[in-house]
Amino acid sequence: GAVVSQHPSWVICKSGTSVKIECRSLDFQATTMFWYRQFPKQSLMLMATSNEGSKATYEQGVEKDKFLINHASLTLSTLTVTSAHPEDSSFYICSAKFGGPEKLFFGSGTQLSVL
Amino acid sequence: DAKTTQPTSMDCAEGRAANLPCNHSTISGNEYVYWYRQIHSQGPQYIIHGLKNNETNEMASLIITEDRKSSTLILPHATLRDTAVYYCIVRVANIYNQGGKLIFGQGTELSVKP
């Protein structure tokens, strides 16, 4: 199957700082990538859809100025958590669409801890 | 997209078949059934999908009832590594549908025991 690489696997930061998470499709081009967030013992919650060369589409209730998404190439999408606070601590997962009909392949996730 | 209902948790003995049910009584004719699983602290993994015919691949089998209101994922010989949360998702699969996003429900936590 297609490989999606996510980096870093985990990050610890101080409150008020910004954190960037990278999502790469290693062996295919992904015009569309998706960002999810998952709190402990809960299911994945879709945050936004990242489209190459255009603005991301955010789900209702997700602050676009808080979670900046950039999809500048067909193999890379980035999520930047700006001015992170402890409540932003979560498991962030990206995915990319490959093949038909529209299977999604997921990265291994990034555990963010904000102190 | 149609809503799905799955049991919260299930146990299965190692080496036995694991049968995971999913109800999707409001499914539409153009909606597929997808199954993904998530092993603890990892990203979800695609398992299988189908429209109305039963499907089988190297990981599992998917049995969809004739009225398509429910389905069962079958892991024929469960191993300890199959312990995970299994998600049943129903959605339209075409290039015009909202860019292909998947909405996850709560899933079934499958525990495979020795």
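Residues numbered from 1 in each chain as written. Chains lettered and ligands numbered in written order. Predicted model: local features only at pLDDT ≥ 70, side-chain atom pairs only at ≥ 80, totals over all residues. Heavy atoms only, no water.

1. With respect to the overall build of chain A
Here comes step 1: Across its full length, chain A holds 0 helices and 11 strands.
Here comes step 2: Sequence-ordered secondary structure for chain A, helices as α and strands as β, is β-β-β-β-β-β-β-β-β-β-β.
Here comes step 3: Relative to its length of 115 residues, chain A is compact, with a C-alpha radius of gyration of 13 Å against a globular reference of 13 Å.
Here comes step 4: On the principal axes, the C-alpha backbone points of chain A span a range of 40 × 25 × 25 Å.
Here comes step 5: Going through the 115 residues of chain A one by one, you find that 50% of them count as buried.
Here comes step 6: Only carbon and sulfur atoms are counted for the fraction: they give 52% of the accessible area of chain A, which is about 5,600 Å².
Here comes step 7: Measuring between centres, the 10 positive side-chain charges of chain A sit 3 Å from its 9 negative side-chain charges. (Helix = DSSP H or I, 4+ residues; strand = E, 2+ residues; numbered from the N terminus. Rg over C-alpha atoms; globule rule 2.2 N^0.38 Å. Buried < 20%, exposed > 50% of the residue type's maximum accessible area, 1.4 Å probe, protein only. Areas by Shrake-Rupley, 256 points an atom, 1.4 Å probe, with all protein chains shown as cover. Lys, Arg positive; Asp, Glu negative; His and termini not counted. Charge placed at Lys NZ, Arg CZ, Asp CG, Glu CD.)

2. Looking at the packing of aromatic side chains
Here comes step 1: The tally for this structure, following the rule as stated, stands at 9 aromatic pairs over all chains.
Here comes step 2: Measuring from centroid to centroid gives 6.3 Å for A:Phe67 and A:Tyr92, while their planes differ by 45°, and the two rings are tilted. Placement of A:Phe67 in strand E7 (residues 67–73) and of A:Tyr92 in strand E9 (residues 90–98) is noted, with a sequence separation of 25 residues between them.
Here comes step 3: Geometrically, the ring pair formed by B:Tyr36 and B:Tyr46 is edge-to-face, given 5.7 Å between the ring centres and 75° between the ring planes. With B:Tyr36 in strand E3 (residues 31–38) and B:Tyr46 in strand E4 (residues 45–50), this pair connects stretches of sequence that are 10 residues apart.
Here comes step 4: Residue class for B:Tyr36 comes out buried when judged on its relative accessible area of 0%.
Here comes step 5: Owing to a relative accessible area of 15%, B:Tyr46 belongs among the buried residues under this scheme.
Here comes step 6: Each residue in the set A:Tyr36, A:Phe106, B:Tyr36, B:Tyr46, B:Tyr87 and B:Phe104 is aromatic and connected to the rest through ring pairs, giving one cluster. (Phe/Tyr/Trp six-rings, centres within 6.5 Å; stacked < 30°, edge-to-face > 60°.)

3. Remarks on the state of the cysteines
Residue and element names in this part refer to chain B.
Here comes step 1: Applying the stated criterion to the full structure yields 2 disulfides over all chains.
Here comes step 2: The side chain of cysteine 22 participates in a disulfide bridge whose partner is cysteine 88; the two sulfur atoms lie 2.1 Å from each other. Judged by the sign of its S-S torsion, about -80°, the cystine formed by cysteine 22 and cysteine 88 is left-handed. Note that cysteine 22 is positioned in strand E2 (residues 18–23) and cysteine 88 in strand E8 (residues 84–92), a separation of 66 residues in sequence.
Here comes step 3: We classify cysteine 88 as buried; its relative accessible area is 1%.
Here comes step 4: Summary of cysteine pairing: cysteine 12 is not part of a disulfide, and the nearest cysteine sulfur, belonging to cysteine 22, is at 18 Å.
Here comes step 5: Looking at cysteine 12, the relative accessible area reads 8%, which means it is buried. (Disulfide = S-S within 2.5 Å.)

4. A look at the sheet that holds strand E9 (residues 108–113) of chain B
All names here are of chain B.
Here comes step 1: Sheet architecture is open: 5 strands sit in the order E1-E9-E8-E3-E4, paired in mixed fashion. For this open sheet the edge positions go to strand E1 (9–13) and E4, each flanked by a neighbour on one side alone. Within the sheet, the average angular offset between the axes of one strand and its neighbour, ignoring direction, is 25°.
Here comes step 2: With 3 bridges joining them, E8 and E9 adopt antiparallel strand pairing. Bridging from a neighbouring strand, valine 85 pairs with glutamate 109 of E9. (Pairing = 2+ DSSP bridges. Axes fitted to C-alpha atoms, helices over the stretch in contact; angles between N-to-C directions.)

5. Observations regarding the layout of surface pockets
To locate leftover empty space, one rolls a probe as large as a water molecule over the atoms.
Here comes step 1: For the largest pocket, the calculated volume is near 980 Å³.
Here comes step 2: In this structure, the largest pocket is lined by 38 residues; those nearest its centre are A:Gln38, A:Gln42, A:Ser43, B:Val85 and B:Tyr87.
Here comes step 3: Elements represented by at least two residues in the lining of the largest pocket include exactly E9 and strand E11 (110–114) of chain A together with E8 and E9 of chain B.
Here comes step 4: The dominant element in the lining of the largest pocket, judged by the number of residues it contributes, is E8(B), at 6 residues.
Here comes step 5: Here the lining of the largest pocket is composed, by residue class, of 16 nonpolar, 18 polar and 4 charged.
Here comes step 6: Taken as a whole, the second largest pocket encloses approximately 160 Å³ of empty space.
Here comes step 7: Taken together, 10 residues form the lining of the second largest pocket, with A:Ala2, A:Phe105, A:Phe106, B:Gln45 and B:Tyr46 sitting closest to its centre.
Here comes step 8: Secondary structure elements with two or more residues in the lining of the second largest pocket: strand E10 (103–106) of chain A together with E4 of chain B.
Here comes step 9: If you tally residues by element for the lining of the second largest pocket, the top one is E10(A), at 3 residues. (1 Å grid on protein atoms, 1.4 Å probe; cavity = no way out; pocket = protein on both sides within 12 Å on 5 of 7 lines; lining within 4 Å. Points joined across faces, edges and corners; volume = space filled by probe spheres on them. Nonpolar A, V, L, I, M, F, W, Y, C, P; charged D, E, K, R; others polar.)

So, to be careful, I would describe these as geometric facts and stop short of saying anything about function.
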